[in-house]
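Chain by chain, the residues:
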There are 4 protein chains.
Amino acid sequence: MSQRPSHKPYRPRKAPAQSRSEATVASIVEAAAQVLESEGFEGFNTNAVARRAGVSIGSLYQYFPGKDALIVALIRRESARFYEDASVALTKRSGKAALEYLIGASVRQQLQRPMLARLLDIAEGRPALRGEVAKGEMDALVETIVGRAAPRHPNPEVAAADLLAIVKGMVDAAGERGERDLDDLERRVRAAVFGYLSRSGGA
Amino acid sequence: MSQRPSHKPYRPRKAPAQSRSEATVASIVEAAAQVLESEGFEGFNTNAVARRAGVSIGSLYQYFPGKDALIVALIRRESARFYEDASVALTKRSGKAALEYLIGASVRQQLQRPMLARLLDIAEGRPALRGEVAKGEMDALVETIVGRAAPRHPNPEVAAADLLAIVKGMVDAAGERGERDLDDLERRVRAAVFGYLSRSGGA
Amino acid sequence: MSQRPSHKPYRPRKAPAQSRSEATVASIVEAAAQVLESEGFEGFNTNAVARRAGVSIGSLYQYFPGKDALIVALIRRESARFYEDASVALTKRSGKAALEYLIGASVRQQLQRPMLARLLDIAEGRPALRGEVAKGEMDALVETIVGRAAPRHPNPEVAAADLLAIVKGMVDAAGERGERDLDDLERRVRAAVFGYLSRSGGA
Amino acid sequence: MSQRPSHKPYRPRKAPAQSRSEATVASIVEAAAQVLESEGFEGFNTNAVARRAGVSIGSLYQYFPGKDALIVALIRRESARFYEDASVALTKRSGKAALEYLIGASVRQQLQRPMLARLLDIAEGRPALRGEVAKGEMDALVETIVGRAAPRHPNPEVAAADLLAIVKGMVDAAGERGERDLDDLERRVRAAVFGYLSRSGGA
DNA sequence: GATGAATGAGCATTCATTCAT
DNA sequence: CATGAATGAATGCTCATTCAT
């Protein structure tokens, strides 16, 4: 008769057992991405996502316990993609090359679907979603690379956080302005990143 | 009657001619700031703002044509405050000193009310509000200062945009992490800014 | 963006300040009674109540924080009516007369709107509503009267509870069977009540 | 597809011919009992019952045409159990002993699983289920016993109904209050029952 | 038969906005 | 001008039921 409150989990409700549902889940997540891109947070609602995915609202809720779970799933999908690409940086010989690769990966990731990337960055900051999205891996990766690129930096953790902030800030703004020239943007980001490192205690 | 109007003016409905209305308008704007800070976009609604301001919802609509107008007014208020402080940079002798002052102003502004600043940065990016908020002045100011600090820079417009992005990116992230040490943060932002300039074509 | 859980209060949201709203509140409560009577718990929903009351769903929620609050308000209304009538029993000279009056009041109350009375009895038992409905007054009243009618009863509290149960049981069942003869029903309830008292330790 | 069917048969869809289905049906009915006990009507839904029974929702619908059929089956199960016990009363020598046995059976039945018994009493009253549950047998049994215990009672049918109401009323209320002392409760019920009979025309 | 993915009508609730007082 | 009662479109979410596999 009344609404059960309860603490909302953001994990998918069931692991899709059959391949039919795997496809459903993927299509819902992609639909969420598209709705977010085209309508923003304003127009991002579960009915719209279900419609765009071509499934019923009931199916959506079969796999996602609520609206926010869609965002979380989307963040995880994009993070995983980015992490996969970014990990290649670890195979680079020099720290500088690794950092350069990381910057390239960031730029590619962010300008691939700029609006989506920007909105997800915002969503990641929402208090309700904190902790749901594991940023640990990313941070560790960047820290490792910074450690290699600037071994004598006094505070690699802070440096890693700053670098991420610089890259995201520049690339988001570029995306917002509609920039498309990846190479030029990458050059400028490198200037900021290496400039920061050399002046804040790095090599 | 319905919830989705189509096109809205965001300017206050009437120029507050008498001081009583001026005070009312100001109290509504500050209430909007507080609600936004404490409840986020989630809990930001006109009734809550009116309640916090101690005015009736009817009065709120007397002065603001709609919800978004509150955000716009808030952005304008904060921008004006920032611009006023930042303008002092123009009185500095050297370009370097001017740029340093600008960075300091940014850090101060952002860490004064970090949550509010961050949320307004997000709101500024909303397509619906673009153009309502004049960023021209700010851009021009930064451009002027960059021009003085890095006179030989090949593309001062882009540099200005990048610098703003760097500063906002770093300072927002710092605010999000709860950093409070203004001086240390300022030092790191300078490293990024001057590092960027020196490596992207400046002095 | 997400649903705020929070502990639901069942008290009306605002004390109706103007007489306009007093009428609205009363019409909503009576509409709730009618919907409950004619549709049962199955068909008891906020939209139906608002429609029957001739108000918008928004108005309903302006005065009642949720569906259950309607039921609570209804229980309170009926309890108050009953209590007012039943209190007259205290003015009776003899304990016997007082108890007889109480029985009469119960029968009248229950057969006035039998379906409604029965459904509210059920609702009162719902764990979620326990404690929201103060039964203390009623219990105290019955205990007082039992104390006067059977002064030597070893356990007046239990006796009061049993009497209430006997009366409600018999009268509900009668209402369910469609009985309308108040006098005959009253006679039988008296038989049970006084029979119980005389055999369980009373006078 | 939709949620509100119009007219439904409440009998199990197939007579469970093989013992495997018999076991399945029984486990579903017991699961229904447990869900009802622990979640109340609020949380009583077909998916929960199927889950608790360890069968798929599809299988549940194989054996029961709908949600209400589960309740009906449950009522029938409990009624049969009670009837079986209560029938023993007919073997008693005296009418008084028979009636006492009947009361004992009622108390036992009701306090065995008090929440379940109470909820089923409520369900039995739902107009939609009336007639689906044969109360005739029970009534006849009680009538017979009343006829023997109070042979000169002017209206044995009404007396039987009243006695049932008294017993159910008292025992339900006791269960609701959490009473566990069967003997004391039985004593008080006897007081009410025999008191009623002696004062309403019986022996 | 059994399974569980899919469906969608239905319901609770919120909130921007209007307008009679 | 101020008030706050009233409105109702919009949205999150549930759950009985069906049916392809």
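Residues numbered from 1 in each chain as written. Chains lettered and ligands numbered in written order. Predicted model: local features only at pLDDT ≥ 70, side-chain atom pairs only at ≥ 80, totals over all residues. Heavy atoms only, no water.

**Student:** Just checking my understanding: could you explain the relation of the copies chain C and chain D for this structure?
**Tutor:** Two copies of the chain are present, and they differ by a rotation about an axis and a shift along that axis. Its rotation angle being 179 degrees, the transformation that places chain C on chain D also includes 0.0 Å of axial translation and leaves an RMSD of 0.2 Å. The superposition of one copy onto the other is thereby described by a two-fold rotation axis. Closest approach to the rotation axis among the C-alpha atoms of chain C is made by C:Gly195, whose C-alpha sits 1.7 Å away. Comparing interface residues between copies, 96% of those in chain C also sit at the interface in chain D, which points to an isologous, same-surface contact. (Least-squares fit on C-alpha atoms with pLDDT ≥ 70 in both. Contact = heavy atoms within 4.5 Å.)

**Student:** Mind showing me how you'd approach the domain arrangement of chain A here?
**Tutor:** Residue and element names in this part refer to chain A. Assigned domains of chain A: these are domain 1 (19–65) and domain 2 (74–201). The straight-line distance from the C-alpha centre of domain 1 to that of domain 2 is 28 Å. Each partner contributes to the interface: domain 1 provides 9 residues, whereas domain 2 provides 9 residues. Interface area, domain 1 with domain 2, both sides summed: about 780 Å², of which 68% is carbon and sulfur. (Domains from an automatic or database assignment. Buried area = accessible area lost by both parts, 1.4 Å probe.)

**Student:** Explain the interface of chain C and chain D here, please?
**Tutor:** For interface size, the figure often reported is the accessible area lost on association. Between chain C and chain D, the contact holds 25 residues from the first and 24 residues from the second. Summing both partners gives a buried area of about 2100 Å² for chain C against chain D, and 60% of it is carried by carbon and sulfur. Viewed at the interface, chain D and chain C are joined by 6 salt bridges. Across the chain C-chain D interface, the total number found is 4 residue pairs in polar contact (both at pLDDT 80 or more). Among the elements that make up the side of chain C that touches chain D, the one with the highest residue count is helix H8 (residues 156–177) of chain C (10 residues). Classifying every residue of the side of chain C that touches chain D gives 11 nonpolar, 5 polar and 9 charged. (Salt bridge = Lys/Arg side-chain N within 4 Å of Asp/Glu carboxyl O. Polar contact = N/O pair within 3.5 Å; in protein donor to acceptor, adjacent residues only side chain to side chain. Helix = DSSP H or I, 4+ residues; strand = E, 2+ residues; numbered from the N terminus. Nonpolar A, V, L, I, M, F, W, Y, C, P; charged D, E, K, R; others polar.)

**Student:** What is the right way to look at the side chain of C:Thr46 in this model?
**Tutor:** Its place among the elements puts C:Thr46 in helix H2 (residues 46–53). Excluding residues within four positions of it along the chain, C:Thr46 makes contact with C:Ile57, C:Leu60, C:Tyr61, C:Lys67 and C:Leu70.

**Student:** Please clarify how the packing of helix H4 (residues 67–87) of chain A against helix H7 (residues 136–149) of chain A should be interpreted in this entry.
**Tutor:** For any two helices packed against each other, one specifies the inter-axial angle together with the distance between the axes. All names here are of chain A. Where H4 contacts H7, the axes come no closer than 11 Å and their chain directions differ by 20 degrees. Classed by the angle they form, the pair H4 and H7 counts as roughly parallel. The interaxial crossing formed by H4 with H7 has left-handed handedness. When H4 is examined against H7, the residues Phe82, Tyr83, Ala86 and Ser87 are found in contact with a partner set consisting of Glu137, Met138 and Leu141. (Axes fitted to C-alpha atoms, helices over the stretch in contact; angles between N-to-C directions. Parallel < 35°, antiparallel > 145°, perpendicular 65-115°, else oblique. Left-handed = near helix turned anticlockwise from the far one by under 90°.)

**Student:** What is the right way to look at the UniProt feature "domain: HTH tetR-type" (unreviewed entry) in chain A in this model?
**Tutor:** As annotated by UniProt and renumbered to match this structure, "domain: HTH tetR-type" (unreviewed entry) occupies residues 22–82 of chain A. Strand forms 0% of residues 22–82 of chain A and helix 80%; the C-alpha atoms that close the span are 21 Å apart. (UniProt positions renumbered as here; feature names shortened; annotations may be inferred.)

**Student:** Just to check I follow, could you spell out the pattern of salt bridges for this structure?
**Tutor:** For side chains bearing opposite charge, pairing can occur when the charged atoms are close. By the definition in use, this model includes 79 salt bridges over all chains. The shortest N-O distance in the salt bridge between D:Arg113 and D:Glu30 comes to 3.1 Å. Highlighted residues: D:Arg113 in the loop between helix H5 (95–112) and helix H6 (114–125) and D:Glu30 in helix H1 (residues 19–39), separated in sequence by 83 residues. Of the charged contacts, one joins D:Arg177 and D:Glu179 as a salt bridge, the two residues approaching to 2.6 Å between their closest N and O atoms. For D:Glu179, a relative accessible area of 16% corresponds to the buried category. Taken together, the salt bridges that share partners define one network made up of A:Glu30, A:Glu37, A:Arg77, A:Glu78, A:Arg81 and A:Arg113. (Buried < 20%, exposed > 50% of the residue type's maximum accessible area, 1.4 Å probe, protein only.)

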